[in-house]
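Fold and contact review
Now for the letters of each chain:
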Amino acid sequence: MISSILSSKEVEKAASFFESARNIVIVTHMSPDGDAMGSSLGMKHYLQSTLNFKLSTLNLKVIVPNAFPSFLAWMPGAEEDLVYESQSQEADALIEAADLIILTDFHEPKRIGSLGDKILATLNGTQNVLIVDHHLATTDVKVTFAKAKELVTFIESGSPSASELVYRLIYQLSTLNSQTTLNSQTTLNSKLSTLNLEAARCLYTGMMTDTGNFSFNSNYPEMYEIVGQLVAAGVNKDEIYNKVFNQYSADRMRLMGYCLYNKMRLFPEHHTALIYLSRKELYRFNFQSGDAEGLVNLPLQISDVYYSVFMREDKVNPSEINLANGSKIKVKISLRSQGDRPVNVLAHEVFGGGGHKNASGGEYYGPLSEAVQKFLDNYQSYFKPT
Ligand code: 5GP
Ligand code: MN
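Residues numbered from 1 in each chain as written. Chains lettered and ligands numbered in written order. Predicted model: local features only at pLDDT ≥ 70, side-chain atom pairs only at ≥ 80, totals over all residues. Heavy atoms only, no water.

**So, helix α8 (residues 197–210)**
Taking 1.5 Å per residue, 14 residues should reach 20 Å; α8 reaches 20 Å between its end C-alpha atoms and fits that length. Burial analysis of α8 places twelve of its 14 residues in the buried class, which makes it a mostly covered element. Buried within α8 are the following residues: Ala199, Ala200, Arg201, Cys202, Leu203, Tyr204, Thr205, Gly206, Met207, Met208, Thr209 and Asp210. In this structure, the buried side of α8 is in contact with α2 (34–51), α6 (162–175), α9 (221–232) and α10 (237–245). By the N-cap criterion, in which a side-chain oxygen at the helix start approaches the backbone nitrogen of a residue two or three places on, α8 is capped by asparagine 196, the distance to glutamate 198 being 3.2 Å. Positive backbone phi, approximately 55 degrees, marks glycine 212, located one or two places after α8. (Helix = DSSP H or I, 4+ residues; strand = E, 2+ residues; numbered from the N terminus. Expected span 1.5 Å × (residues − 1). Buried < 20%, exposed > 50% of the residue type's maximum accessible area, 1.4 Å probe, protein only. Contact = heavy atoms within 4.5 Å. Polar contact = N/O pair within 3.5 Å; in protein donor to acceptor, adjacent residues only side chain to side chain.)

Written out as structure tokens, the structure reads:
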């Protein structure tokens, strides 16, 4: 039995959104990771299978702000995603036609650059907005989305992944009994039948990646009930592990070796590791989107390292020029920690970012050396020496 953590009133409202929608866009965050892809595509496959038999005119599309990494390209439906950076005209037309906009794995439009601006500029009281996210709410979504027709939010910062929340939404939808709902059967089989295999594979992927293959934020029994249901729905978890985690290029493996051998700096008094890479170094290893994934976690394998910070130089996207103060370079910062050692405070206060207690990030618009210095000047007052 999965507990109903989502407000049933809001779940019913979401059901009514789905019933009336004809043109749906699902949007996820910049530099989509496994959970961003999993929650958006999982939602799409669920809606497709649930609504298609009712509606002959359903338009349903996932829009990602920029390209997803190649190790997620196998995900069912990923190839149909619109990439805003290169397909903005097509995406704009869909946003303008949308009667339901669904955001997964983020809730602050500013995190998706010009795609967020477009969504906010399009809202005119005729579009319903549904948000499913597990990031800490730092802004008032009611204010941000004041121009939505109606807004339903499932923002649960205690949840390890947005994909798990999408699962919970689907589960709760399937247990609703009122006339307005899409599915009133209550047996386990019928619940599973609303969750087709494509949706299940996507949601499993997001749950797996946002918990580091169930190695953090993963210590409660219900998570494994959900995993059990996904496996019962046909998910081959071993196959998905291989597709996601064993897909590195030789260049990426050599970059990893270079980071650990040549670049890792340790600050033992604060149990901290720091790795930073310039554009030149990335170029040397033929850096591709997604190649940095996981590098920040590596130093945590050292017995006395509890905080890990990874920085890499990147160019400023056209969509974020307004944030860059004229700088053409930015530094992407990733922070990880173990146990009760929050890194999101430093991410927020020093690098204008945010995130979860043990996994957060931010950006610095300027040269790498400045970002490194800013970190060195500040980390001792944020990271505990115990
Ligand atoms: P990553 O290090 O994998 O890029 O990001 C880890 C987590 O940090 C993300 O899930 C997200 O919650 C958060 N995060 C990363 N970059 C930013 C940022 O620039 N702003 C905010 N608010 N959060 C970020
Ligand atoms: Mn996530």
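So that's the structure; there's more coming.
**Points about the sheet that holds strand β12 (residues 359–365)**
One open sheet accounts for six strands, arranged β7-β8-β9-β10-β12-β11; its pairing is mixed. The strands lining the two open edges of the sheet, one partner per strand, are β7 (265–267) and β11 (354–355). The strands that helix α13 (residues 344–351) touches are β9 (307–315), β10 (329–337), β11 and β12; relative to β12, the one it contacts most, it runs at about 15 degrees. (Pairing = 2+ DSSP bridges. Axes fitted to C-alpha atoms, helices over the stretch in contact; angles between N-to-C directions.)

**Things to note about the sheet that holds strand β6 (residues 151–155)**
Across the sheet, six strands lie side by side as β3-β2-β1-β4-β5-β6; this open sheet has parallel pairing. Edge positions in the sheet fall to β3 (82–83) and β6, since each of these pairs with one other strand and no more. Seen against the sheet, helix α1 (residues 8–20) touches β4 (100–104), β5 (128–133) and β6 and runs at an angle of roughly 125 degrees to β6. Running at roughly 120 degrees to β5, α6 makes contact with β5 and β6 of the sheet.

**Considering the packing of α13 against helix α14 (residues 368–382)**
Any two packed helices are characterised by the angle at which their axes cross and by the distance between the axes. As a packed pair, α13 and α14 sit with axes 11 Å apart at the nearest point and diverge in direction by 135 degrees. Here α13 lies oblique to α14, going by the angle between them. Both α13 and α14 take part in a crossing whose hand is right-handed. Residue-level contacts link Val345, Leu346, Glu349, Val350 and Phe351 of α13 to Ala371, Lys374, Phe375, Asn378, Tyr379 and Tyr382 of α14. Class assignment of the residues belonging to the contact of α13 with α14 gives a composition of eight nonpolar, one polar and two charged. (Parallel < 35°, antiparallel > 145°, perpendicular 65-115°, else oblique. Left-handed = near helix turned anticlockwise from the far one by under 90°. Nonpolar A, V, L, I, M, F, W, Y, C, P; charged D, E, K, R; others polar.)

**Notes on the pattern of salt bridges**
The tally for this structure, following the rule as stated, stands at 13 salt bridges. For lysine 44, the salt bridge goes to glutamate 80, with nearest N and O atoms at 2.9 Å. On the criterion of sequence distance, the pair formed by lysine 44 in helix α2 and glutamate 80 in the loop between β2 (59–64) and β3 is long-range, its members being 36 residues apart. The exposure class of lysine 44 is buried, given its relative accessible area of 2%. For the salt bridge of arginine 168 with glutamate 164, the shortest nitrogen-to-oxygen distance reads 3.1 Å. (Salt bridge = Lys/Arg side-chain N within 4 Å of Asp/Glu carboxyl O.)

**Digging into α1**
When the terminal C-alpha atoms of α1 are compared, their 18 Å separation across 13 residues agrees well with the 18 Å that a helix rising 1.5 Å per residue should span. All of the buried residues along α1 are Glu10, Val11, Ala14, Ala15, Phe17 and Phe18. Along α1, the residues classed as buried sweep out an arc of 155 degrees about the axis, all on the same side. For α1, the elements touching its buried residues are α2, β4, β5, β6 and α6. (Arc of directions from axis to C-beta.)

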